[in-house]
Amino acid sequence: MLAAGAVLAVPAVASASPLPSPVTGHVYLDDNTAGSNTVAAFDRHADGSLTPLPGSPFTVGGAGTGTGLASQGAVQIADGGRFLLAADAGSNQVSVLGIQPGGSLRLASVVPSGGALPVSIAVHGSLVYVANAGPADSNYTGFRLAFSGRLTPVPGSTVALPAAAQPGDVLFNGTGSKLVGTRVGTSQIDSFTVGLSGRLTAAPGSPFTAQGLGPFGSEFRPANPGQLFVSNAHNGTGLGTVSAFTDSRSGVLSSIGSSPVPDNQTAPCWVTISPDSRYLFAVNTGSGAISRYSIASGGELTLLGSTAVSANGGVGAVDPGMSPDGRYLYVNESKIDAVGGFAVSGGNLTELPGSPTALPAGAAPAGIAVS
């Protein structure tokens, strides 16, 4: 029995550790590492934060170059999320990796890219096109992706390019009926219609003269496959612009409104569009900022402003990728081997706490894919 006035000691209860934010998707980057190439993989959490997947980085079977690729789209998710395709620019190959439950990667196949220095990949359904940028063998080459993950060249699909073309991006529109490619070196834009066989037919007048120097990143509008947007990266300091085009049934590109629209920044090389099609974001690698545009129903662009990429001043930031729900934007900060993360609210961006997240040592990252 306790004596009168005694105080009963109550054991302290340890406060519970906060539960980690649930995993809602993944982020993948082509590390483009010299020698054996790898892909860095991250869990993407509901609060936008990233944590490396166990086993990351994953070996892809080809070789990288160890230097920047100066392109958009070096890594792509395919077949409804079953596969990841990565450019192996150092070995002139393309790797196909199976995406496992939980997001880890398993090598499925490695095939020649059909040219030299593959830098950009476009995917629509089972049809894949690769832009090869090496001056000795520059082209667009088509492949079919099998259920097993094997890539098979499409007969007669290769479109040769001039040695000086330096293609920077190749992409399909949302219906897979059109394919475009940017020629950074000669400031031109290729436009094609896509046949049932997977082969390409050049649009009348293609390649088209770009509206600025160094047409680079490009995106078709999700809500309107007939609207194309292209960044012009090489106009000079503070003179970057973004162009808006209508893509006709035959693939002819026509300017929209007062295009090109200045972004008052330097080297807008990479672009992405929000899933709701209302906003375009252009990453300015030369000035370390992300330009924000609204897109009118007719495709006209209005500059809303720019948001600094804080890490290292942001200079060297390259490929952007958005989460499928449009809540988060991720940016490949190649100069410091990291991934920046931003919360998206309409046309506004706010860098996330803890951003940027480090990439594996030795990476020369190119491309970003977000699920």
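All values derive from a computational prediction rather than experimental measurement.

Draft legend 1. Highlighting the overall build of the protein chain. From N to C terminus, the protein chain includes zero helices and 33 strands. For 371 residues, the compact-globule estimate of 2.2 N^0.38 gives 21 Å, and the C-alpha radius of gyration of the protein chain, at 22 Å, lies within 12% of that figure. Looking at the protein chain residue by residue over its 371 residues, the buried ones come to 55%. Expressed as a percentage of contacts within the protein chain between residues at least 6 apart in sequence, the contacts between residues at least 24 apart total 49%.

Draft legend 2. Spatial organisation of the pattern of salt bridges. Summed over all chains, the structure comprises three salt bridges. Of the charged contacts, one joins D79 and R82 as a salt bridge, the two residues approaching to 2.6 Å between their closest N and O atoms. Note on D79: relative accessible area 34%, which makes it partly exposed. On the accessibility criterion, R82 (31% relative accessible area) is partly exposed.

Draft legend 3. Spotlight on the pairing of strand 7 (residues 93-99). Taking burial as the measure, the seven residues of strand 7 include six buried ones, the bulk of the element. Here strand 6 (residues 83-88) runs beside strand 7; their pairing, made up of six bridges, is antiparallel. If you follow F83 over to strand 7, its bridge partner there is G98. The hairpin turn running from strand 6 into strand 7, its antiparallel successor, is four residues long, and N92 in that turn takes a positive phi close to 55°. One ladder, built from seven bridges, connects strand 7 with strand 8 (residues 105-112); its direction is antiparallel. Opposite I99, over in strand 8, you have L105 as the bridge partner. In sequence, strand 7 turns back onto strand 8 through a hairpin of five residues, with G102 there showing a positive phi of about 95°.

Draft legend 4. Structural view of the confidence of the model for the protein chain. Summarising the model, the protein chain shows a mean pLDDT of 93, and 94% of its residues fall at 70 or more. Note that pLDDT drops below 50 for residues 1-17; the model gives that stretch one contact with residues more than four away or on any other chain.

Draft legend 5. Here's a closer look at the sheet that holds strand 26 (residues 289-295). One open sheet accounts for four strands, arranged 24-25-26-27; its pairing is antiparallel. In this open sheet, the two edge strands, each paired with only one partner strand, are strand 24 (268-273) and strand 27 (301-308). Neighbouring strand axes in the sheet, compared pairwise and without regard to direction, differ in orientation by 25° on average. Of the strand pairs in this sheet, strand 25 (residues 279-284) and strand 26 are connected by six bridges, and their pairing is antiparallel. Each bridged residue has a counterpart across the sheet, and for N284 the counterpart in strand 26 is A289.

Draft legend 6. Structural view of the sheet that holds strand 8. The strand order across the open sheet built from four strands is 5-6-7-8, with neighbouring strands paired in antiparallel fashion. Both outer strands of the open sheet, strand 5 (75-78) and strand 8, are each paired with one neighbouring strand and no more. Averaged over neighbouring strand pairs, the angle between their axes works out to 25° when direction is ignored.

Draft legend 7. Representation of the packing of aromatic side chains within the structure. Counted under the stated rule, the structure contains three aromatic pairs. Seen in terms of ring centroids, Y129 and F172 are 6.2 Å apart; in terms of plane orientation they differ by 70°. Their pairing is edge-to-face. You can see Y129 sitting in strand 10 (residues 127-132) and its partner F172 sitting in strand 14 (residues 167-172), a full 43 residues away along the chain. For the pair shown, Y129 and F172 are each scored as buried. Note that R82 overlies the ring of F147, its terminal NZ or CZ placed 3.9 Å from the centroid.

Draft legend 8. Molecular detail of the environment of V230. Note that V230 resides in strand 20 (residues 224-232). With a relative accessible area of 1%, V230 lands in the buried category. Distance from V230 to V27, taken between C-alpha atoms, is 24 Å for residues 203 residues apart in sequence. When neighbours within four sequence positions are excluded, V230 is seen to be in contact with T182, I189, P215, F216, G217, S218, T241, V242, S243 and F245.

Draft legend 9. Expanded view of the pairing of strand 9 (residues 118-124). Burial runs high along strand 9: five of the seven residues are buried. Of the strand pairs in this sheet, strand 9 and strand 10 are connected by six bridges, and their pairing is antiparallel. The partner of A122 across the bridge, within strand 10, is Y129. As consecutive antiparallel partners, strand 9 and strand 10 are separated by two residues, and within that stretch G125 has a phi angle of approximately 60°, a positive value.

Draft legend 10. Fine view of the environment of S148. Inspection of the secondary structure assignment puts S148 in the loop between strand 11 (139-145) and strand 12 (151-153). Each C-alpha atom of the pair S148 and F83 lies 9.7 Å from the other, and the pair is 65 residues apart in sequence. Setting aside residues no more than four positions away along its own chain, S148 makes contact with F83 and A108. Separated by 3.5 Å, the side chain of S148 and the backbone nitrogen of R150 make a polar contact.

Parameters at a glance
- Residues numbered from 1 in each chain as written.
- Predicted model: local features only at pLDDT ≥ 70, side-chain atom pairs only at ≥ 80, totals over all residues.
- Heavy atoms only, no water.
- Helix = DSSP H or I, 4+ residues; strand = E, 2+ residues; numbered from the N terminus.
- Rg over C-alpha atoms; globule rule 2.2 N^0.38 Å.
- Buried < 20%, exposed > 50% of the residue type's maximum accessible area, 1.4 Å probe, protein only.
- Contact = heavy atoms within 4.5 Å.
- Salt bridge = Lys/Arg side-chain N within 4 Å of Asp/Glu carboxyl O.
- Pairing = 2+ DSSP bridges.
- pLDDT = per-residue confidence, 0-100.
- Axes fitted to C-alpha atoms, helices over the stretch in contact; angles between N-to-C directions.
- Phe/Tyr/Trp six-rings, centres within 6.5 Å; stacked < 30°, edge-to-face > 60°.
- Lys NZ or Arg CZ within 6 Å of the ring centre and 35° of its normal.
- Polar contact = N/O pair within 3.5 Å; in protein donor to acceptor, adjacent residues only side chain to side chain.

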